[in-house]
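Now for the letters of each chain:
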Amino acid sequence: MKTMKVAVTGAGGQVSYAMLARLASGEVFGPETKVILHLLEIPKKPDWTPPNPTARQPLDIAEGNAMELLDCGFPTLLDVVVTDDANKAFNGVNWALLVGAAPRGPGMERKDLLGLNGKIFVGQGKALAKNAASDVRILIVGNPCNTNCLVAYSNGREIAADRWHAMTRLDHNRAVSALAVKAGAKNEDVTNVTIWGNHSNTQYPDFTNAKIKGKPATEVITDRAWLEGTYVPQCQNRGAAIIKARGLSSAMSAANGAIDHVKTFVSGTPSGDWTSAAVVSTGEYGVPKGLVFGYPVTTDGKGNYTVVEGVKLDAFGQAAFQKTLNELLEEKDAVKDLLPG
Ligand code: NAI
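Residues numbered from 1 in each chain as written. Predicted model: local features only at pLDDT ≥ 70, side-chain atom pairs only at ≥ 80, totals over all residues. Heavy atoms only, no water.

Labelled according to an unreviewed UniProt entry, the protein appears under the name Malate dehydrogenase, originating from Limnoglobus roseus. The annotation that UniProt attaches to the protein under Function (unreviewed entry) is "Catalyzes the reversible oxidation of malate to oxaloacetate." (UniProt positions renumbered as here; feature names shortened; annotations may be inferred.)

Structure representation (structure tokens):
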């Protein structure tokens, strides 16, 4: 019987709440694999005053989530560990889902958030390198996830660069769904979608190489003005639209993106299709080596991926690609003090 140890950070937050039961249930690792969950949260603040009577400290919420997980009675769940110590949380883990990050506070600029979260990922990168299992795979969800991933892997170099991923799978799923809706097709009919670059509003959801029922999406949806002027911005700004509607950022779909990411890595991509993931560039498509960039990737079902080479971008795509690449270079510059050597 195989056992997977899975760490989840930000375990008291809303994305984790929507994700934990699915990790424990056998849906991801299969009915024959036992799962041990390690839940990491920030330490309790002794001088904390609840902003309202139902508010709780994140570590207490994580404890409550652990109680609920036990109460699910999943045959696949062996144990749940709750901790505020990253060394304990990452001890022996085969997968680490780094969801925890500080939210953007009032008056905070994007670069302030980069610095604040970057510091979290320096510590977590080191703690992973020191404690994780030799086959560990790491998915960074907490934003800004590409650059947080860059900081984490740069500080955890003992773990091979191809083990570190940042999540563009939610964007990928959004991009698939929006094409399916427009074409009156099923989600499963849409293949070969790519999210290039950053998980931000500069991402390029590439419709030019996408297919619907095996035909180029641009032959099924012939309204190029809609694709460029409505579809692309809708995908890029979907997160903001969810915040506007819910008053909270996406959680159910974000958790689903993370679950899909891990499932695809442990089960493989279907033949002829690919998925989207941000990974450490080895120079593919002219992206500077070491940048964490969203690419089309195939996976072998054993935790390994290959960046799909030779995908062609037209002039519109090339301009969009350059824009998201430039943003990632700027983000890298903003965290340069956190990148050793
Ligand atoms: P949330 O605010 O509900 O939860 C975040 C949790 O992380 C909090 O409980 C907080 O205490 C915890 N945390 C902060 N620093 C930590 C640390 N050093 N170690 C462990 N835990 C820590 O936020 P939510 O909605 O769950 O989102 C989590 C992150 O995921 C955010 O950064 C959000 O922007 C990002 N996100 C990314 C998406 C993507 O597609 N890549 C999609 C949706 C959300």
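### Observations regarding the UniProt feature "binding site: NAD(+)" (unreviewed entry) in the protein
As annotated by UniProt and renumbered to match this structure, "binding site: NAD(+)" (unreviewed entry) occupies Gly10, Ala11, Gly12, Gly13, Gln14, Val15, Ser16, Asn117, Gln124, Val141, Gly142 and Asn143. Of the annotated positions mentioned, Gly10, Gly12, Gly13, Gln14, Val15, Gln124, Val141, Gly142 and Asn143 line the largest pocket. Inspection of the secondary structure puts Ala11 in the loop between β1 (2-9) and α1 (14-24). What Ala11 contacts, discounting residues up to four positions off in sequence, is Ser16, Leu20, Leu39, Leu40, Glu41, Ala62 and Asn65. Looking at the element boundaries, Ser16 is found in helix α1. (1 Å grid on protein atoms, 1.4 Å probe; cavity = no way out; pocket = protein on both sides within 12 Å on 5 of 7 lines; lining within 4 Å. Helix = DSSP H or I, 4+ residues; strand = E, 2+ residues; numbered from the N terminus. Contact = heavy atoms within 4.5 Å.)

### Observations regarding the side chain of Ser250
Turning to its location among the elements, Ser250 is positioned in the loop between α9 (238-246) and α10 (252-267). Here Ser250 falls in the buried class, since its relative accessible area comes to 12%. A polar contact is formed between the side chain of Ser250 and the side chain of Arg174, at a distance of 3.2 Å. Those residues within four positions of Ser250 in sequence are excluded, and the remaining contacts are Val15, Leu170, Arg174 and Ile242. (Buried < 20%, exposed > 50% of the residue type's maximum accessible area, 1.4 Å probe, protein only. Polar contact = N/O pair within 3.5 Å; in protein donor to acceptor, adjacent residues only side chain to side chain.)

### Some words on the pairing of strand β3 (residues 77-83)
Counting buried positions over the 7 residues of β3 gives 5, a clear majority of the element. Here strand β2 (residues 33-40) pairs with β3 via 6 bridges, running parallel. Its bridge partner being in β3, Val35 is matched across the sheet by Leu77. Where the polypeptide runs from β2 across helix α2 (residues 58-72) and back to β3, its parallel neighbour, the crossover connection is right-handed. (Pairing = 2+ DSSP bridges. Right-handed = clockwise from strand over helix to strand, strands pointing away.)

### As for the sheet that holds strand β11 (residues 215-216)
Pairing in this open sheet of 3 strands is antiparallel, and the strands run β7-β10-β11 from one edge to the other. Two strands close off the open sheet at either side, each with one partner strand: β7 (190-191) and β11. Here strand β10 (residues 211-212) runs beside β11; their pairing, made up of 2 bridges, is antiparallel. When the sheet's bridge partners are listed, Ile212 is paired in β11 with Lys215.

### Describing the layout of surface pockets
By volume, the largest pocket amounts to about 1,700 Å³. Lining the largest pocket we find 50 residues, and of these Ala101, Ala102, Pro103, Asn143 and Ser249 sit closest to its centre. Classifying every residue of the lining of the largest pocket gives 23 nonpolar, 18 polar and 9 charged. Counting residues domain by domain, the lining of the largest pocket receives three or more from each of domain 1 (2-166) and domain 2 (169-333). (Points joined across faces, edges and corners; volume = space filled by probe spheres on them. Nonpolar A, V, L, I, M, F, W, Y, C, P; charged D, E, K, R; others polar. Domains from an automatic or database assignment.)

### Digging into the site of the ligand
Close to the ligand lie 24 residues; Gln14, Val15, Glu41, Asn143 and His199 are nearest. Here an oxygen atom of the ligand and a backbone polar atom of Val15 are 2.9 Å apart. Among the detected pockets, the ligand sits in the largest pocket. Counting residues per element, the ones that place at least two in the shell around the ligand are α1 and α4 (110-131). (Near = heavy atom within 4 Å. Sits in = over half its atoms within 2 Å of the grid points.)

### Description of the environment of Val308
Positionally, Val308 belongs in the loop between β14 (305-307) and α11 (315-334). With 24 residues separating them along the chain, Val308 and Glu284 place their C-alpha atoms 9.0 Å apart. When sequence neighbours within four positions are dropped, the list of residues in contact with Val308 reads Trp274, Tyr285, Pro296, Val297 and Thr298.

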